[in-house]
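Report on the structure
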Amino acid sequence: MSIREEIEARENAMLDKAASLSSKSRGREIEEEPDPVRTCFMLDRDRVVHSKSFRRLKHKTQVFIAPPGDHYRSRLTHTLEVNQIAKTIGAGLNLNLDLIEAMALAHDLGHTPFAHAGEQVLDQLLAGGFRHNENSIRVLTRVEQHKGRNGLNLSHEVLDGVLHHSGYGQSESRSYTLEGQTIRLSDKIAYVQHDIDDSIRAGLLRIEDIPADYLNILGYTHSQRIATLVTDTIKYSRQLILGGGHPQVMPSPRIENALRGLRDFMFKEIYRGPVCQAERSRAIFIIELLFKYYCQHPEIMTPLYLEIADREGIERAVADYISGMSDAYCISLFQDIYIPQSLVPDAGKLLKVF
């Protein structure tokens with residue numbers, strides 16, 4: 001028996017009956033020889049961690065564009081917080097933590113520079129629209145390269161969890177795995193709470209500004225709110241899983257209503273507030289001009305994107321190219337292309353040379 005088979009046997013013996021077993025995965029688009037040590041979900045996680053798109057998350061905006069100081073969240077730290085929250089919930093429900101981690105680390109790889117401002121403008125520029133969760137699937141299946149071919153060839157379960165992590169409406173489709181449902185909820189728990197924390201740090205929000213009805217239920221500190229949401233989700237989801245009906249991962253109605261209320265409050269006061277809107281207008285201006293430029297000069301892009309242009313059209317290729325950029329790289333390109341720079345040598349430097 002290989003090490004991987006030993007791990008799979010432990011999963012079969014120890015995980016909840018509603019959990020996703022790696023030995024019963026729906027597989028990959030391209031069949032591969034199983035790894036001798038890692039399960040399919042462990043392998044997926046490792047491929048994500050070693051991808052270029054994962055490394056770029058360090059330099060992509062979460063909410064505030066290029067904030068001063070290094071205490072504000074980036075898209076990478078958001079991803080790590082989602083992973084931590086989701087694995088805690090998953091451990092409490094005895095789900096597959098390797099699958100949860102693979103989904104968590106991959107879920108935001110399709111985010112654009114400048115957060116939702118970039119998503120908004122690409123959605124307007126592309127004929128078929130642009131949604132970051134769907135773009136994450138493109139990154140994982142088309143843009144990233146692995147062993148000389150397009151895509152990381154991840155398991156169906158991971159791709160499903162990434163695709164369904166976004167949104168918070170009852171009518172929206174959910175992941176067919178409990179691990180995927182855990183990621184979807186953990187994403188909301190993470191960004192609502194850490195965006196409150198960052199907004200207070202930025203001086204845009206005071207704890208006194210937040211409706212007390214929600215804080216009385218969830219807690220007045222960052223850690224209290226996360227603890228309340230995680231603990232309640234574990235307890236309520238256990239009841240749903242053991243109830244014999246359709247198992248789901250979700251908090252109790254009272255706690256969920258408070259989370260939704262906080263989320264709506266943040267959209268009104270912060271995400272659509274004057275500071276974020278001012279930053280958004282500047283970011284949209286940059287991306288619109290870069291999009292126009294690369295559509296007119298596609299030869300400047302790398303061969304991968306030229307191949308995409310040949311197969312799917314120039315606008316799709318440019319959207320893939322821009323969405324993969326970090327904020328700083330996007331700004332740097334804009335400056336190189338559109339900001340006038342003198343071509344005359346510095347006379348002072350010439351005098352020193354001669």
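Here's what I pulled together on the structure shown here.

About the thresholds
Residues numbered from 1 in each chain as written. Predicted model: local features only at pLDDT ≥ 70, side-chain atom pairs only at ≥ 80, totals over all residues. Heavy atoms only, no water. Axes fitted to C-alpha atoms, helices over the stretch in contact; angles between N-to-C directions. Helix = DSSP H or I, 4+ residues; strand = E, 2+ residues; numbered from the N terminus. Left-handed = near helix turned anticlockwise from the far one by under 90°. Contact = heavy atoms within 4.5 Å. Nonpolar A, V, L, I, M, F, W, Y, C, P; charged D, E, K, R; others polar. Salt bridge = Lys/Arg side-chain N within 4 Å of Asp/Glu carboxyl O. Buried < 20%, exposed > 50% of the residue type's maximum accessible area, 1.4 Å probe, protein only. Core = buried A, V, L, I, M, F, W, Y, C linked by side-chain atoms within 4.5 Å. Parallel < 35°, antiparallel > 145°, perpendicular 65-115°, else oblique. Disulfide = S-S within 2.5 Å.

With respect to the packing of helix α13 (residues 274-296) against helix α16 (residues 327-338)
Viewed as axis vectors pointing N to C, α13 and α16 meet at an angle of 60°, and their least axial separation amounts to 10 Å. Crossing angle aside, the handedness with which α13 passes α16 is left-handed. The residues of α16 that touch α13, namely those facing F285, I286, I287, L289, L290, Y293 and Y294, are C330, I331, L333, F334, I337 and Y338. Tallied by class, the residues present in the contact of α13 with α16 amount to 13 nonpolar, no polar and no charged.

Overview of the pattern of salt bridges
Enumeration according to the criterion identifies 28 salt bridges in this entry. Ionic pairing is found between R45 and E101, a salt bridge with its closest N-O pair at 3.5 Å. Here R45, found in helix α2 (residues 40-49), pairs with E101, found in helix α5 (residues 97-106); they are 56 residues apart in sequence, far enough to count as distant. Residues R45 and E101 agree in their burial class; the two are buried. Among the charged side chains, a network of salt bridges with common partners joins D35, R38, R45, D46, K87, D98 and E101.

A closer look at the nonpolar core
V48, I89, L109, L140, I189 and I270 are the most contacted members of the largest nonpolar core, which totals 62 residues. Not counting the four nearest positions on each side in its chain, L109 is found in contact with V48, S51, S53, F54, L57, K60, S136, V139 and L140. Core analysis: the second largest hydrophobic core is formed by 30 residues, L126, A317, I322 and L333 among them.

Describing the environment of E208
Structurally, the position occupied by E208 is in the loop between α9 (178-201) and α10 (212-218). Residue classification places E208 among the exposed residues on the basis of a relative accessible area of 56%. Spatially, the C-alpha atoms of E208 and H116 are 27 Å apart, while their sequence positions differ by 92 residues.

A closer look at the packing of helix α7 (residues 132-143) against helix α15 (residues 314-323)
Taken N-terminus to C-terminus, the directions of α7 and α15 make an angle of 100°; their axes are 11 Å apart at the nearest point. Between α7 and α15, the angle falls in the class roughly perpendicular. Of the residues in α15, those in contact with N135, R138 and V143 of α7 are R316, D320 and S323.

Examining the environment of G118
As for its placement among the helices and strands, G118 is situated in helix α6 (residues 115-125). Considering only alpha carbons, one finds G118 and R280, 162 residues apart in sequence, at a separation of 8.1 Å. Ignoring anything within four residues of it in the chain, the contact list for G118 reads T112, P113 and I287.

Looking at the state of the cysteines
Overall, the coordinates contain zero disulfides when judged by the stated rule. This cysteine, C276, is not joined by any disulfide, and C330 carries the nearest cysteine sulfur, 18 Å off. On the accessibility criterion, C276 (5% relative accessible area) is buried. Free of any disulfide, C295 has its nearest cysteine sulfur in C330, 14 Å distant. For C295, a relative accessible area of 24% corresponds to the partly exposed category.

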